[in-house]
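# Close look at the chain arrangement
The primary structure of each chain is shown beneath.
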Amino acid sequence: MRFFYTILLIAVLTSCKNESEFRIDPGYESEYTTYSRNLADGRIKYLQLAGLFKFEEQESGFGSSESLAFNLESPSSIEEIGTFINNTDSSGLAGISFRAEQGLAIKTESDSVVNSINLTLDEYGSSQPLFLNDLKWQVITRSGSPYLRVWDKQHPMVSAFKGYECYPLTPEFIFNGQFKYYEKNKEMEVKSQLGVNTTTSFIGRVEFEYNGKIHSLEVGSNGFTMVSDDTSGNETYGGGRYIYLDLPEEDGAVIVDFNRLYNPPCSFSQFTTCLYPPQENYLPFDLRAGETLKRL
């Protein structure tokens with residue numbers, strides 16, 4: 001009998017929660033508009049992506065010439081920009097330098113002009129960026145391998161991409177969740193846009209209740225959470241969607257608002273290195289909230 005009343009209580013709380021506690025009122029709509037505007041602004045750096053090249057040869061020419069290993073097809077590119085020399089050692093530690101073509105004003109962030117420079121990697125596996133007019137490039141590391149990532153402020157995607165349509169705002173997919181930090185970060189392998197698995201770290205797990213069932217999601221640093229569901233690959237992007245949760249300082253309550261789900265950068269740029277949600281973050285229902293697959 002006690003079990004029956006427990007189940008009944010859960011059912012009552014579930015049926016009432018989204019109808020009474022969460023409202024899509026003018027205040028919520030105004031806050032969401034600000035969120036959407038910030039999301040659009042943050043996408044500029046991904047819309048400017050113009051190239052992604054893996055270092056595989058000892059020397060790789062860089063420019064618009066088709067004969068070069070790093071052939072950059074973008075409005076601001078010129079025939080020959082320079083050459084990368086890859087001295088990566090047997091341990092996989094990247095030692096890459098760049099030599100500019102004669103007469104080009106290749107600059108650092110401090111606006112210093114360089115003819116040749118060693119691109120030392122920081123703790124995140126990234127080098128300092130270099131610039132030529134509207135072009136920017138730097139070495140990044142993914143799954144232990146070095147890549148060249150290139151941005152172009154004049155990339156046509158910047159003006160062509162208008163965003164994605166969204167499901168209507170709904171209280172149905174806003175939940176009171178419970179977040180618990182792991183004593184030690186959990187390391188897991190997840191698939192990526194590059195076609196190789198990447199080890200990523202999760203700091204905790206959030207649980208919430210929907211239709212009488214408890215669901216959970218693995219959560220990364222700063223609340224970054226990757227999600228897939230039964231709409232993935234049909235109504236929404238097949239590689240899943242992302243959301244940031246506003247985490248408490250200690251284990252406790254957190255609001256999980258799936259209206260804020262957004263498509264990852266790999267949904268609109270081929271030069272990204274997005275991570276895909278782990279199987280643990282698959283939700284077995286149609287999560288009709290947030291961005292859809294259809295573009296505006």
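Heads up: these notes are all about the structure in this document. (Residues numbered from 1 in each chain as written. Predicted model: local features only at pLDDT ≥ 70, side-chain atom pairs only at ≥ 80, totals over all residues. Heavy atoms only, no water.)

Under the definition given, this model contains ten salt bridges. Across the pair Arg43 and Glu291 runs a salt bridge, and its minimum N-O distance is 2.8 Å. Of the two residues, Arg43 is situated in the loop between helix H2 (26-42) and helix H3 (44-47) and Glu291 in strand E20 (residues 291-295); the sequence distance between them amounts to 248 residues. For Arg43, a relative accessible area of 7% translates into the label buried. (Salt bridge = Lys/Arg side-chain N within 4 Å of Asp/Glu carboxyl O. Helix = DSSP H or I, 4+ residues; strand = E, 2+ residues; numbered from the N terminus. Buried < 20%, exposed > 50% of the residue type's maximum accessible area, 1.4 Å probe, protein only.)

The periodicity of an α-helix, 3.6 residues per turn, causes residues three or four places apart in sequence to face the same way. Between the first and last C-alpha of H2 there are 24 Å, a value that for 17 residues agrees with the 24 Å anticipated at 1.5 Å per step. Looking at H2, one finds that the buried residues are Tyr28, Tyr32, Tyr35 and Leu39. Angular distribution of buried residues about the axis of H2 spans 60 degrees; they occupy a single face of the element. With respect to the buried face of H2, the exposed residues turned more than 90 degrees away are Pro26 and Asp41. Contact partners of the buried residues in H2: strand E12 (164-166), strand E13 (174-190), strand E18 (252-257) and E20. (Expected span 1.5 Å × (residues − 1). Arc of directions from axis to C-beta. Contact = heavy atoms within 4.5 Å.)

The computed volume of the largest pocket comes to approximately 1,200 Å³. Along its surface, the largest pocket is lined by 47 residues, and Lys45, Tyr46, Phe224, Tyr242 and Tyr244 are the ones closest to its centre. Taken together, the elements giving at least two residues each to the lining of the largest pocket come down to H2, H3, strand E10 (135-142), strand E11 (145-152), strand E14 (198-210), strand E16 (224-229) and strand E17 (241-244). A total of six residues in the lining of the largest pocket trace back to one element, the largest contributor, which is E14. Residues belonging to the lining of the largest pocket are distributed by class as follows: 21 nonpolar, 17 polar and nine charged. (1 Å grid on protein atoms, 1.4 Å probe; cavity = no way out; pocket = protein on both sides within 12 Å on 5 of 7 lines; lining within 4 Å. Points joined across faces, edges and corners; volume = space filled by probe spheres on them. Nonpolar A, V, L, I, M, F, W, Y, C, P; charged D, E, K, R; others polar.)

Tallied over the entire structure, the rule returns 23 aromatic pairs. Plain terms: the ring middles of Phe175 and Tyr210 are 5.7 Å apart, the flat faces sit at 80 degrees to each other, and that makes the pair edge-to-face. Taken together, the positions of Phe175 in strand E13 and Tyr210 in strand E14 put the pair 35 residues apart, joining distant regions of the chain. When sorted by exposure, Phe175 lands in the same class as Tyr210, which is buried. Look at Phe179 and Tyr181: their rings are 4.6 Å apart centre to centre, the planes differ by 90 degrees, and that puts the pair in the edge-to-face class. A residue is classified by how much of its surface remains accessible, and Phe179, at 2% relative accessible area, is buried. Taken together through their ring pairs, the aromatic side chains of Phe53, Phe55, Phe62, Phe70, Phe84, Phe98 and Trp137 make up a single cluster. Residue placement shows Lys136 over the ring face of Trp151; its charged tip is 4.6 Å from the ring centre. The lysine or arginine in question, Arg260, covers the ring of Tyr35, its NZ or CZ lying 4.6 Å from the ring centre. (Phe/Tyr/Trp six-rings, centres within 6.5 Å; stacked < 30°, edge-to-face > 60°. Lys NZ or Arg CZ within 6 Å of the ring centre and 35° of its normal.)

Turning next to the nonpolar core. Residues Phe62, Phe84, Phe98, Ile106, Trp137 and Leu148 are the most contacted members of the largest nonpolar core, which totals 23 residues. If we skip the residues at most four places from it in the chain, Phe98 touches Phe62, Ile81, Gly82, Thr83, Phe84, Ile106, Asn115, Ser116, Ile117, Leu119, Leu130 and Trp137. If you look at the next biggest cluster of nonpolar residues, it comprises 21 residues, including Ile203, Leu217, Phe285 and Ala289. (Core = buried A, V, L, I, M, F, W, Y, C linked by side-chain atoms within 4.5 Å.)

Turning to the pairing of E16, a few remarks are in order. Of all the six residues making up E16, six are buried; the element is thus mostly covered by neighbouring parts of the structure. Across the two faces of E16 the burial is the same, with Phe224, Met226 and Ser228 and Thr225, Val227 and Asp229 all buried. Sheet analysis places E16 next to E17, joined by four bridges and oriented antiparallel. If you follow Phe224 over to E17, its bridge partner there is Tyr244. (Pairing = 2+ DSSP bridges.)

Attention now goes to the sheet that holds strand E15 (residues 213-219). Strand order in the open sheet formed by four strands is E15-E14-E13-E18, and the pairing between neighbours is antiparallel. With one partner strand each, in any of the chains shown, E15 and E18 form the two edges of the open sheet. With strand direction ignored, the average angle separating the axes of adjacent strands in the sheet is 45 degrees. (Axes fitted to C-alpha atoms, helices over the stretch in contact; angles between N-to-C directions.)

So, about the sheet that holds E16. If you walk across this open sheet you meet the three strands as E17-E16-E19, and the pairing is mixed. With partners counted over all chains shown, the strands left at the sheet margins are E17 and strand E19 (282-283), one partner each.

This paragraph deals with unusual backbone geometry. For Asn133, which is not glycine, the phi dihedral falls at a positive 55 degrees. Tracing the backbone shows Asn133 in the loop between strand E9 (130-132) and E10. By relative accessible area, Asn133 is classed as exposed at 72%. Of note in this structure, Asn222 is not a glycine but carries a positive phi near 60 degrees. Note on placement: Asn222 falls in the loop between E15 and E16.

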